[in-house]
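Listed below, chain by chain, are the residues.
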Amino acid sequence: MIDGPYFVLTVLGALACGLVAGVFAAFSTFVMKGLAALPPAQGIAAMNRINVTAVTPAFMAVFLGATGLCAVLAVVTFVLWPDEGTVELLTGSVLYLVGSFGVTVVANVPRNEALAKVDPDSAEGAAYWSTYVRQWTAWNHVRGVASLAAAAAFILGLT
């Protein structure tokens, strides 16, 4: 059974990953659908504004806090291997670090940066908006599922 500071880190990791999964689920299930229903120029402007305001201390503390917790849990898990629960904790750490943080860095952020450079009122902007919404949302689904699976893995590691 996991106990002491390792238990606390695991509970915090599960909570943080679950919270991030909820944010991603909200975006995938209704925010992006609402933005996609707007005229392209309005959708682009709204998403660009969201991308600027998302980088707030509150969200970054949760998103990067979960990243840090997962990294620490992965390292501690290697030190404790093969104690009970370590497979689940390592799995949860990898799911979040690769499937949430990694996908954000290699898929979602580059699309956000490209969107910020398009002219919302141009034909190219409208065409990119359609592609952006489809691809960004697909990668966001990956992030949400990976974050939720990481939370579940951490919970399983506690049992």
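The following paragraphs examine the structure supplied in this document. These numbers were taken from a predicted model, which means no experiment stands behind them. (Residues numbered from 1 in each chain as written. Predicted model: local features only at pLDDT ≥ 70, side-chain atom pairs only at ≥ 80, totals over all residues. Heavy atoms only, no water.)

Focus on the overall build of the protein chain
Within the protein chain, the regular secondary structure consists of five helices and zero strands. Scanning the protein chain from its N terminus toward the C terminus, one meets helices and strands in the order α-α-α-α-α. When burial is assessed residue by residue, the protein chain has 39% of its 159 residues classed as buried. Counting only contacts in the protein chain whose residues sit at least 6 apart along the sequence, the fraction spanning at least 24 positions is 80%. Total accessible area on the protein chain stands at roughly 8000 Å², and carbon and sulfur atoms take up 75% of it. Charge-centre separation for the protein chain: the mean point of 6 positive side chains lies 14 Å from the mean point of 8 negative side chains. (Helix = DSSP H or I, 4+ residues; strand = E, 2+ residues; numbered from the N terminus. Buried < 20%, exposed > 50% of the residue type's maximum accessible area, 1.4 Å probe, protein only. Contact = heavy atoms within 4.5 Å. Areas by Shrake-Rupley, 256 points an atom, 1.4 Å probe, with all protein chains shown as cover. Lys, Arg positive; Asp, Glu negative; His and termini not counted. Charge placed at Lys NZ, Arg CZ, Asp CG, Glu CD.)

Here we look at the state of the cysteines
With the rule as written, the count across this model stands at zero disulfides. Of the cysteine sulfurs around C17, a residue in no disulfide, the closest is that of C70, at 3.8 Å. On the basis of relative accessibility, which here comes to 0%, the residue C17 falls in the buried class. Judged by its relative accessible area of 0%, C70 falls in the buried class. (Disulfide = S-S within 2.5 Å.)

A word on the packing of helix α1 (residues 4-36) against helix α3 (residues 57-80)
For any two helices packed against each other, one specifies the inter-axial angle together with the distance between the axes. Taken N-terminus to C-terminus, the directions of α1 and α3 make an angle of 140 degrees; their axes are 9 Å apart at the nearest point. In terms of axis orientation, α1 runs oblique to α3. Judged by the twist between their axes, the crossing of α1 over α3 is left-handed. Residues Y6, L9, T10, L12, G13, A16, C17, L19, V20, V23 and F24 of α1 form the contact with α3, whose participating residues are F59, V62, F63, A66, L69, C70, V72, L73, V76, T77 and L80. The class makeup of the residues in the contact of α1 with α3 is 19 nonpolar, three polar and no charged. (Axes fitted to C-alpha atoms, helices over the stretch in contact; angles between N-to-C directions. Parallel < 35°, antiparallel > 145°, perpendicular 65-115°, else oblique. Left-handed = near helix turned anticlockwise from the far one by under 90°. Nonpolar A, V, L, I, M, F, W, Y, C, P; charged D, E, K, R; others polar.)

A look at the packing of α3 against helix α4 (residues 86-117)
In contact at an axis separation of 9 Å, α3 and α4 are set at 145 degrees when each is read in the N-to-C sense. Here α3 and α4 pass one another in a crossing that is left-handed. Listed contacts from α4 to F63, L64, A66, T67, C70, A71, L73, A74, T77, F78 and L80 of α3 are T86, L89, L90, S93, Y96, L97, S100, F101 and T104. Considered class by class, the residues forming the contact of α3 with α4 number 14 nonpolar, six polar and no charged.

Notes on α3
Given a rise of 1.5 Å per residue, 24 residues ought to cover 34 Å, and the 33 Å separating the end C-alpha atoms of α3 matches this to within 8%. On its buried face, α3 is in contact with α1, α4 and α5 (123-158). (Expected span 1.5 Å × (residues − 1).)

As for the environment of V106
Looking at where V106 falls in the secondary structure, it is placed in helix α4. V106 sits 19 residues away from G125 along the chain, and the two C-alpha atoms are 22 Å apart.

Side note on the environment of I50
Along the chain, I50 falls in helix α2 (residues 40-53). A residue is classified by how much of its surface remains accessible, and I50, at 23% relative accessible area, is partly exposed. I50 sits 62 residues away from N112 along the chain, and the two C-alpha atoms are 10.0 Å apart. Excluding its chain neighbours within four sequence positions, the residues that come into contact with I50 are F27, V31 and L35.

Some points on the side chain of S28
In this fold, S28 is placed in helix α1. Looking at S28, its side chain comes within polar contact range of the side chain of N140, at 2.7 Å. In this structure the side chain of S28 is engaged in a polar contact, spanning 2.9 Å, whose partner is the side chain of H141. Excluding residues that lie within four positions of it along the chain, S28 makes contacts with K33, T137, N140 and H141. (Polar contact = N/O pair within 3.5 Å; in protein donor to acceptor, adjacent residues only side chain to side chain.)

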